[in-house]
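An overview of the molecular structure
Listed below are the residues making up each chain.
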Amino acid sequence: MEIVNFEEKFLDDIIKIEKKSFINPWTKDMFLSSAKNSAVKFRILIKNKTVVGYYVISSVADETEILDIAVNPDFRKQSLGKSLLEDIKKEAAGKIFLEVRKSNVAALNLYKLFNFEEIAIRKRYYKNEDALILRLVKEII
């Protein structure tokens, strides 16, 4: 298993995972635009030569926002989400923020393992569902 920087050759696999994972998936153009942004890190999780997950984060000053993160549903419950979050912690600046559906129990449980805390609610962020805004303050060593 390895986590590598985005290359366009991974895009079709990423789009498939995105569509399986989200009601309102990102488009190819959204991913490509993010990949070109110098404030963004776009990393891909490869297992046995297969794209199994990815994340997109944006950092400004001492804050990082997780813009998108997903693991292929066929590969979930193998600690791959943990691997992605560990990598995010290494790549991120200072505080890490994200929004997550209030009903996404699996994701919420994973974020709790990493000590993310709920700091706010965005009403109807996902059209008919609220989003929880979570924050992780990285430990300074």
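Attention here is on the structure that accompanies the text. In this convention, every chain numbers its residues from 1, walking through the sequence in written order. Owing to the predicted nature of the model, reporting of local features is limited to residues with pLDDT of at least 70; listing and counting of side-chain atom pairs is limited to 80 or more, with chain, interface and lining totals taken over all residues. With hydrogens and water excluded, all non-hydrogen atoms of the structure serve as input to the side-chain values.

**Observations concerning the overall build of the protein chain**
Worth spelling out the cut-off: In this description a helix means any DSSP run of H or I spanning at least four residues, a strand means any run of E spanning at least two, and both kinds are numbered starting from the N terminus. Radius of gyration here is computed from C-alpha atoms only, and the compact-globule reference equals 2.2 Å multiplied by the residue count raised to the power 0.38. We call two residues in contact whenever any of their non-hydrogen atoms come within 4.5 Å of each other. The charge count includes Lys and Arg as positive and Asp and Glu as negative, but it does not include His or the ends of the chains. Working definition for charges: the position is that of NZ of Lys, CZ of Arg, CG of Asp or CD of Glu.
In terms of regular secondary structure, the protein chain is built from 4 helices and 7 strands. For the protein chain, the α and β elements follow one another from N to C terminus as β-α-α-β-β-β-α-β-α-β-β. Relative to its length of 141 residues, the protein chain is compact, with a C-alpha radius of gyration of 14 Å against a globular reference of 14 Å. Taking the principal axes of its C-alpha atoms as reference, the protein chain extends roughly 40 × 35 × 30 Å. Here the contacts in the protein chain between residues at least 6 apart in sequence split such that 57% fall between residues at least 24 apart. Mean positive and mean negative side-chain charge positions of the protein chain (25 and 21 charges, respectively) differ by 4 Å.

**Section: the packing of aromatic side chains**
Ring pairs (aromatic) are described by centroid distance and by the angle formed between their planes. Definition in use: Classification of ring pairs rests on two measures: the distance between centres of Phe, Tyr or Trp rings, Trp counted by its six-membered ring, which must be within 6.5 Å, and the angle between planes, read as stacked under 30 degrees, edge-to-face over 60 and tilted in between.
Scanning the entire structure with this criterion turns up 6 aromatic pairs. Each residue in the set Phe6, Trp26, Phe31, Phe42 and Tyr54 is aromatic and connected to the rest through ring pairs, giving one cluster.

**Digging into helix α4 (residues 105–113)**
The line we're drawing: Burial classification: accessible surface area is computed with a 1.4 Å probe over protein chains only, and a residue below 20% of its type maximum counts as buried, one above 50% as exposed, and the rest as partly exposed. Arc definition: it is the arc formed by the directions from the helix axis to the C-beta atoms.
Those residues of α4 that sit buried are Ala107, Leu108, Leu110 and Tyr111. Angularly, the buried residues of α4 cover 160° about the axis, an arc narrow enough to put them on a single face. Opposite the packed face of α4, turned more than 90 degrees from it, sit the exposed residues Val105, Ala106, Lys112 and Leu113. For α4, the elements touching its buried residues are β4 (63–71), α3 (80–91), β5 (95–101) and β7 (131–137). Of the residues trailing α4, Asn115 is marked for its positive phi of about 70°.

**Looking at the layout of surface pockets**
Our working definition: Only protein atoms enter the 1 Å grid, on which a cavity is a set of points fitting a 1.4 Å probe that cannot get out and a pocket is an open set with protein on both sides within 12 Å along at least 5 of 7 lines, lining residues being those with an atom within 4 Å of a point. Grid points are joined across faces, edges and corners, and a volume is the space filled by probe spheres set on the points.
By volume, the largest pocket is sized at about 1100 Å³. Residue lining of the largest pocket: 37 residues in total, with Phe22, Ile69, Asn104, Ala107 and Tyr111 positioned closest to the centre. Those elements that provide at least two residues to the lining of the largest pocket are α1 (11–21), β4, α3, β5 and α4. Element by element, the count of residues in the lining of the largest pocket is highest for β4, at 7 residues.

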